[in-house]
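# Results of the structural survey
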Amino acid sequence: MDTINRSSPEYITQSVLQLVQPARTAQRLFSTFDQQRIDQAVLAVGWAIMEPERNRQLAELAVADTGLGNVPDKIRKNHRKTMGLLRDLDGVKSTGIIRCDANSGITEIARAGGVVAAITPSTNPGATPANKIINAIKCGNAIIVAPSPKGAGTSRLLLQFIHAEFDRIGVPRDLVQMLPDPISKAATAALMQHADLVVATGSQANVRMAHTSGTPAFGVGAGNVTVIVDESADLQAAPSLIRQSKTFDNATSCSSENSVIIDASVYDAML
């Protein structure tokens, strides 16, 4: 009896194409949607992660599977990051004619990129995929998520919630997909090669792989910037704000401070 070599390049490529091809079909259908229906799909994804019971399930699973962060802060993160993005995108036109400049004679027309490959980290296996999905479909794209292996269970549950919302409003499920288990670097690399755009968040290795995939890519690697405190700082507020930010979700966010530099003029007061 023939056995299937699931690690062979041929098998991996074929598995990825079985996601990309229906994603292209779904994206072509989605491209017929007007702005109102696109925005309805965007809100559906937001509700899929922000609905309180779903949010709690995603937060608990993320912490259980990855060992990173804590549930109360994951719940707040899922809600706040998504709400902030929905606020920023509210009322923004993203299809058809965006702007006409009578002086220059230039008309700006929005066009979807196609199928987006989204590389997501284990530190935020719920919020980061959800936000990438919202951004992608706001611009009329299909998206396929390549999560970290530890975060795959959370991403899979998120997609179940999203598909339930899509079924309710008549959006094709294949518009939002993810790589099947087991998640591997080879499958992620194949997805990046066959997608139209890569959006990578995570380790420097992942971002480097995205930028060398041969596909146009946006990459966000290590964050955790240094905070500089000088004489212009509010010394009553700064220590508390830095401490809250650094300890939030056990410092798993890339926005958590890496170190603090204090100017000599305020050093003693700051301590």
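Rules of the game
- Residues numbered from 1 in each chain as written.
- Predicted model: local features only at pLDDT ≥ 70, side-chain atom pairs only at ≥ 80, totals over all residues.
- Heavy atoms only, no water.
- Axes fitted to C-alpha atoms, helices over the stretch in contact; angles between N-to-C directions.
- Helix = DSSP H or I, 4+ residues; strand = E, 2+ residues; numbered from the N terminus.
- Parallel < 35°, antiparallel > 145°, perpendicular 65-115°, else oblique.
- Left-handed = near helix turned anticlockwise from the far one by under 90°.
- Contact = heavy atoms within 4.5 Å.
- Nonpolar A, V, L, I, M, F, W, Y, C, P; charged D, E, K, R; others polar.
- Buried < 20%, exposed > 50% of the residue type's maximum accessible area, 1.4 Å probe, protein only.
- Pairing = 2+ DSSP bridges.
- Polar contact = N/O pair within 3.5 Å; in protein donor to acceptor, adjacent residues only side chain to side chain.
- Salt bridge = Lys/Arg side-chain N within 4 Å of Asp/Glu carboxyl O.

The next thing to look at is the packing of helix α4 (residues 71–89) against helix α5 (residues 127–138). Packed helices, taken two at a time, are described by their axes: the angle between them and the distance between them. The contact between α4 and α5 brings their axes to 9 Å, and the two run at 15°. Comparing their axes, α5 and α4 come out roughly parallel. Our pair here, α4 against α5, has a crossing hand that is right-handed. Each of Lys 77, Asn 78, Lys 81, Thr 82, Leu 85, Leu 86 and Leu 89 in α4 lies in contact with α5, whose residues at this interface are Ala 127, Asn 131, Ile 134, Asn 135 and Lys 138. Tallied by class, the residues present in the contact of α4 with α5 amount to 5 nonpolar, 4 polar and 3 charged.

Inspection of the secondary structure puts Val 198 in strand β6 (residues 197–201). C-alpha of Val 198 to C-alpha of Ile 144: the two residues are 54 residues apart in sequence and 9.8 Å apart in space. Not counting chain neighbours up to four residues away, the residues in contact with Val 198 comprise Ala 117, Ile 119, Met 192, Ala 210, Ser 213, Thr 215, Pro 216, Ala 217 and Phe 218.

What follows concerns unusual backbone geometry. Of note, the amide linkage connecting Asp 181 to Pro 182 takes the cis form, showing an omega dihedral of -5°. Counting through the fold element by element, Pro 182 comes out in the loop between β5 (176–178) and α7 (185–194). With a phi close to 55°, Asn 250 is a non-glycine residue in the positive phi region. Relative to the assigned elements, Asn 250 resides in the loop between α9 (238–247) and β9 (259–262). Classification of Asn 250 by relative accessible area gives partly exposed; the value is 48%. Phi at Ala 251 is positive, roughly 60°, even though this residue is not glycine. The exposure class assigned to Ala 251 is partly exposed, which follows from its relative accessible area of 28%.

Quick look at the sheet that holds β6 now. Working definition: the strands of a sheet are paired by backbone hydrogen bonds and lie parallel or antiparallel to each other. Read from one edge to the other, the open sheet built from 5 strands follows the order β5-β4-β3-β6-β7, with strand pairing classed as parallel. The sheet terminates laterally at β5 and β7 (217–220), the two strands that pair on one side only. For this sheet the average axis-to-axis angle between neighbouring strands, irrespective of direction, equals 15°. Across 4 bridges, β6 lies against β7 in parallel orientation. Looking at β7, one finds that Thr 201 is bridged to Val 220. Packed onto the sheet, helix α1 (residues 9–30) meets β3 (115–120), β4 (142–147) and β5 and runs at close to 145° relative to β4. Packed onto the sheet, helix α8 (residues 204–211) meets β3, β6 and β7 and runs at close to 170° relative to β7.

Looking at chain direction, strand β1 (residues 96–101) and strand β2 (residues 106–110) are connected through 5 bridges and run antiparallel. From the neighbouring strand, Cys 100 faces β2, where its bridge partner is Thr 107. Hairpin connection from β1 to β2: 4 residues lie between these consecutive antiparallel strands, with Gly 105 at a positive phi of about 75°.

For the rest of this paragraph, the subject is the side chain of Thr 252. Counting through the fold element by element, Thr 252 comes out in the loop between α9 and β9. A residue is classified by how much of its surface remains accessible, and Thr 252, at 13% relative accessible area, is buried. Here Lys 77 takes part through its side chain, which lies 3.4 Å from a polar atom of the side chain of Thr 252. Polar contacts involving the side chain of Thr 252 include one to the side chain of Asp 249, which spans 2.8 Å. Here Thr 252 is in contact with Leu 68, Gly 69, Lys 74, Lys 77 and Thr 123, once residues within four sequence places are set aside.

Quick look at the pattern of salt bridges now. For the structure shown, the criterion picks out 14 salt bridges. The residue Arg 56 makes a salt bridge to Glu 53 at a minimum N-O spacing of 2.2 Å. Within this pair, Arg 56 and its partner Glu 53 are both found in helix α3 (residues 52–66), separated by 3 residues, close to a single helical turn. Linking Asp 249 and Lys 77 is a salt bridge whose minimum nitrogen-to-oxygen distance equals 2.7 Å.

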